[in-house]
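Reading the structure
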Amino acid sequence: ALRVAARVHLAARWRGLRHASTRPIHPRATVIDDPGPENPGLDAAGLNIRRGGVEGRNLRETLANAGMTPEQVRDVIYAHPQLETQYDLVNEVQPRINYLRFLDDNDRLDGESVSSCIARQPQSLERDFHLVHEDADYAVVNKPWCVRLDTPRGWPGKVRFTPKYPGDLSVEDWLERRYPDWDTVRFCHQLDNATSGVLVAASNKRAAGAAAKLFRERRALKTYLAIVFGHPEKDEWTVDEPMGRDPDDPKGFRERVDPEHGKACETRFRVLKRGKLNLRGKFEGVPVSKVEVTPVTGRRHQIRLHLQFSGHPIVGDNAYSEDTDSFRTFLHAHKLTLPFDEPRGTMQFVAPEPESFAAAME
């Protein structure tokens, strides 16, 4: 099975990966000088880190170097022509392949080959960074799924987080390259690693403070899109169950509904479409729905937990569903409205529904 949810959440919590010292290293059809995995230690301790990345002068050559047969290359391009016509080879396709190879190096694909993963769900190669707005104070990014926001600080020796594969890129990295004159990247709010969509960064302290204040005061209006399992009975519903950390999770990652000690929170849901899952794999053809989500509060994992509580967990969310097969967590920060004081006034930012969403439903 394609362990894509592990793929989606790996950069957020690594899920206790261990160095697979007893696992045979199989030859790979990649560049001749690829030295294979290594372990540099520090923040990467216990992980096989691959220095060499897949290369190719074009998409077909890159896919062949990733181990795909000519028949697989032909079939996957026929089924998903956007790989050749829309996806960026160097900044999108090749880094995503390297990510899959990194997971394979660390036994996270459950025995399935990288080539089979790509052939089955080619949308797994999607990684499109782009701006939805920019001005002197703010840059608003449409963040790809499974991309971390920033580079964690505070590791031993204050080292930066070691890239886990060639092309591993955070939003901070991307913004620093685009805005070399910024003294630092200041994120005005948070967005889960697994979630794609609208993310606001500020170029200066004043602007960051003004935006962050709107989030603290719950004046920022957020709208998400999610693809969830099942067909909800009602077209609209609200969940206001308190939530807190799950003491049964040894990693400290998951949250749980906690009526006695949890923090108050509220999420509103509206069904936009009912259909079937259109991803090849274990859940192909099962009933799914596209839902518009409006969080009134902004707790960590609030949307994901409240959808699980509703009986409709998010497709691809391996923390709150049984789906370890879909290539991403289907949660997207679609729209953000910030009611700034004058003279700036109210601003609304929209990250269009990802193509992967349309491809996932029929």
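Being a predicted model, the structure only gives us computed values, none of them experimental. Note that residues are indexed from 1 along each chain, following the sequence as it is written. Where totals are concerned, whole chains, interfaces and linings use all residues; where local detail is concerned, this predicted model gives features only for residues with pLDDT of at least 70, and gives and counts side-chain atom pairs only at 80 or more. Each side-chain value is derived from all of the structure's non-hydrogen atoms; neither hydrogens nor water enter the calculation.

1. Focus on the confidence of the model for the protein
A residue's pLDDT is the predictor's confidence in that residue, given on a scale from 0 to 100. Across the protein, the average pLDDT comes to 84, with 83% of residues at or above 70. Under a pLDDT of 50 for its full length, residues 1-43 has, in the predicted model, 133 contacts with residues more than four places off or in other chains. The contact definition used throughout considers only heavy atoms, calling two residues in contact when any of these lie within 4.5 Å. This stretch, residues 153-158, has a pLDDT under 50; its non-local contacts, to residues over four places away or in other chains, come to five contacts.

2. Focus: the environment of Val-198
For helices the rule is a DSSP run of H or I covering at least 4 residues; for strands it is a run of E covering at least 2, with both sets numbered from the N terminus onward. Relative to the elements of secondary structure, Val-198 occurs in strand β6 (residues 196-202). In this structure the C-alpha to C-alpha distance between Val-198 and Thr-223, which are 25 residues apart in sequence, comes to 9.8 Å. Each residue touching Val-198, except ones within four places of it in the same chain, is listed here: Val-140, Val-141, His-189, Leu-191, Ala-333, His-334, Lys-335, Leu-336, Phe-349, Val-350 and Ala-351.

3. Here we look at the packing of aromatic side chains
Pairing of aromatic rings covers Phe, Tyr and Trp, the last through its six-membered ring, and needs centres within 6.5 Å; plane angles under 30 degrees mean stacked, over 60 mean edge-to-face, and all others mean tilted. In total, this model carries 10 aromatic pairs according to the counting rule given. Through pairs of rings, three or more aromatic residues link up here, namely Trp-145, Phe-327, Phe-330 and Phe-357. Any Lys NZ or Arg CZ that is within 6 Å of a ring centre and within 35 degrees of that ring's normal is treated as a charge sitting over the ring. When the ring centre of Trp-145 is taken as origin, the NZ or CZ atom of Arg-96, which lies over that ring, is 3.8 Å away.

4. Structural notes on unusual backbone geometry
A negative phi angle is the norm for most residues apart from glycine, just as the trans form is the norm for most peptide bonds. Along the chain, Glu-342 connects to Pro-343 via a cis peptide bond; the corresponding omega equals 15 degrees. Here Pro-343 shows up in the loop between β13 (331-339) and β14 (346-350). In this structure, Asp-107 takes a positive phi of about 60 degrees despite not being glycine. Tracing the backbone through its elements, the reader meets Asp-107 in the loop between α5 (89-105) and α6 (114-120).

5. Looking at the nonpolar core
A general trend in soluble globular proteins is that nonpolar side chains are found buried together. Residues Leu-63, Leu-125, Leu-175 and Phe-330 are the most contacted members of the largest nonpolar core, which totals 69 residues. Per-element accounting of this core gives the leading share, seven residues, to α5. Ignoring sequence-local partners within four residues, the contact set of Leu-63 consists of Met-68, Val-73, Val-76, Ile-77, Ile-97, Ile-118 and Leu-125. To define a nonpolar core, start from buried Ala, Val, Leu, Ile, Met, Phe, Trp, Tyr and Cys residues and group those joined through side-chain atoms within 4.5 Å. Exposure classes here rest on a 1.4 Å probe applied to the protein chains alone. A residue is buried below 20% of its type maximum, exposed above 50%, and partly exposed in between. Of all hydrophobic cores here, the second largest spans 18 residues; its members include Tyr-138, Val-200, Ala-202 and Ala-208.

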